[in-house]
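# Chain and residue survey
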Amino acid sequence: MKLLFVCLGNICRSPMAEGAMRAQIAASGLAGRVEVDSAGTAGWHAGRPPDQRAIECAARHGVDIAGLRARQLQEADFLRFDRILCADADNLRATAERCAAPVPTPGQLAMWLPWAGIEYMKSIPDPYYGGPEDFEQTWALVEEAARLSVRRLVRAAESGIIGA
Ligand code: 4NP
């Protein structure tokens, strides 16, 4: 199972999602069976590491995302990833527009929080124009979504939907 996390710049929310997911997958027994990557609908920060505030926030929670590099979403991502999970509705719209061809398969493209089973929020608010406390709130949400996502993936693996 290959999962791609998408936000706008690929320097705040989606690298935090990628880092939180990698950490939870490593702890889950799914290591080697689930691949995780992230991308931005915009290419402004392509090639750059995550925002320093995101790096510091993840590090405070024991996750190192300093080695990640931003990239822009490509049409080929729709051939490569089973699930493309977006941080907010704007990202979902921009992602759908970008993949006019190839057309997403049913269920391939979704908002991440609802997909994870979070019901009290649909979108991950963008912390880019906020302060460290906004990054902390983002991390809390991302970590909960990662925990629920990994639980969902473990259940899928147990029922044979994800192969060994
Ligand atoms: P992200 O946050 O989509 O969570 O990576 C942003 C990063 C950069 C910008 C906006 C949001 N920007 O305007 O450059």
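Right above here is the structure, for reference.
My aim in this report is to walk through the structure given alongside it, one point at a time. The model shown is predicted, which means the values in this text are computed figures rather than measured ones.

Our next topic: the nonpolar core. Across soluble globular proteins, nonpolar side chains have a tendency to be buried as a group. Within the largest apolar cluster, 42 residues are counted, with the highest numbers of intra-cluster contacts made by Phe5, Met16, Met21, Ile65, Trp112 and Leu153. Setting aside chain neighbours within four positions, we find Met21 in contact with Leu3, Phe5, Val36, Trp112, Ala146, Ser149, Val150 and Leu153.

Looking at the secondary structure, you find His45 in the loop between strand 2 (35-40) and helix 2 (52-60). Judged by relative accessible area, which is 13%, His45 ranks as buried. Discounting residues that sit within four places of it in the chain, His45 has contacts with Gly9, Ile11, Ala70 and Tyr128.

It is the contact of helix 1 (residues 13-26) with helix 6 (residues 132-158), at a shortest axis distance of 9 Å, that shows an interaxial angle of 45°. Considered as vectors, helix 1 and helix 6 are oriented oblique to each other. Handedness of the crossing formed by helix 1 with helix 6: right-handed. Along its contact with helix 1, which presents Arg13, Met16, Ala17, Ala20, Met21, Gln24 and Ile25, the element helix 6 presents Phe135, Thr138, Trp139, Val142, Glu143, Ala146, Arg147, Ser149, Val150 and Leu153. Classifying every residue of the contact of helix 1 with helix 6 by side-chain character gives 11 nonpolar, 3 polar and 3 charged.

This part covers the site of the ligand. Cys7, Leu8, Gly9, Asn10, Ile11, Cys12, Arg13, Trp44, His45, Asp126, Tyr128 and Tyr129 make up every residue found near the ligand. One nitrogen or oxygen atom from the main chain of Leu8 is found 2.9 Å from an oxygen atom belonging to the ligand. Note that an oxygen atom of the ligand is positioned 2.9 Å from one of the backbone N or O atoms of Cys12. When the residues that make up the shell around the ligand are grouped by side-chain class, the tally is 7 nonpolar, 3 polar and 2 charged.

Below, the discussion takes up the environment of Asn91. Here Asn91 is to be found in helix 4 (residues 89-98). By relative accessible area, which is 3% here, Asn91 ends up buried. Residues Asn91 and Cys7 lie 84 residues apart in sequence; the distance between their C-alpha atoms is 5.8 Å. Not counting the four nearest positions on each side in its chain, Asn91 is found in contact with Val6, Cys7, Leu8, Arg13, Thr41 and Cys86.

Across all of its chains, the model carries 2 aromatic pairs by this definition. With 4.8 Å between their ring centres and 70° between their planes, Phe5 and Trp112 make a pair best called edge-to-face. One end of the pair, Phe5, is in strand 1 (residues 2-7); the other, Trp112, is in helix 5 (residues 112-116), with 107 residues separating them in the sequence. Grouping residues by exposure puts Phe5 and Trp112 together as buried. Relative to Tyr129, the ring of Tyr128 lies with its centre 4.9 Å away and its plane at 80°, an arrangement referred to as edge-to-face.

Let us look at unusual backbone geometry. A positive phi angle, near 60°, is found at Asn10, a position not held by glycine. Mapped onto the elements of the fold, Asn10 is located in the loop between strand 1 and helix 1. With a relative accessible area of 3%, Asn10 lands in the buried category.

Now for the pattern of salt bridges. Enumeration according to the criterion identifies 9 salt bridges in this entry. In this structure, Asp37 and Arg71 form a salt bridge, with 3.1 Å as the shortest nitrogen-oxygen distance. Here Asp37 is found in strand 2, whereas its partner Arg71 is found in the loop between helix 2 and helix 3 (77-80), with 34 residues between them in sequence. Residue Asp37 is classed as buried on the basis of its relative accessible area, which comes to 17%. When the shortest N-O distance is used, the salt bridge between Arg93 and Asp90 registers 3.0 Å. You can see Arg93 and its partner Asp90 sitting in helix 4, 3 residues apart, about one turn around the helix. Its relative accessible area of 48% is what places Arg93 among the partly exposed residues.

Rules of the game
Residues numbered from 1 in each chain as written. Predicted model: local features only at pLDDT ≥ 70, side-chain atom pairs only at ≥ 80, totals over all residues. Heavy atoms only, no water. Core = buried A, V, L, I, M, F, W, Y, C linked by side-chain atoms within 4.5 Å. Buried < 20%, exposed > 50% of the residue type's maximum accessible area, 1.4 Å probe, protein only. Contact = heavy atoms within 4.5 Å. Helix = DSSP H or I, 4+ residues; strand = E, 2+ residues; numbered from the N terminus. Axes fitted to C-alpha atoms, helices over the stretch in contact; angles between N-to-C directions. Parallel < 35°, antiparallel > 145°, perpendicular 65-115°, else oblique. Left-handed = near helix turned anticlockwise from the far one by under 90°. Nonpolar A, V, L, I, M, F, W, Y, C, P; charged D, E, K, R; others polar. Near = heavy atom within 4 Å. Polar contact = N/O pair within 3.5 Å; in protein donor to acceptor, adjacent residues only side chain to side chain. Phe/Tyr/Trp six-rings, centres within 6.5 Å; stacked < 30°, edge-to-face > 60°. Salt bridge = Lys/Arg side-chain N within 4 Å of Asp/Glu carboxyl O.

Treat this as a map of the structure, not an account of what it does.
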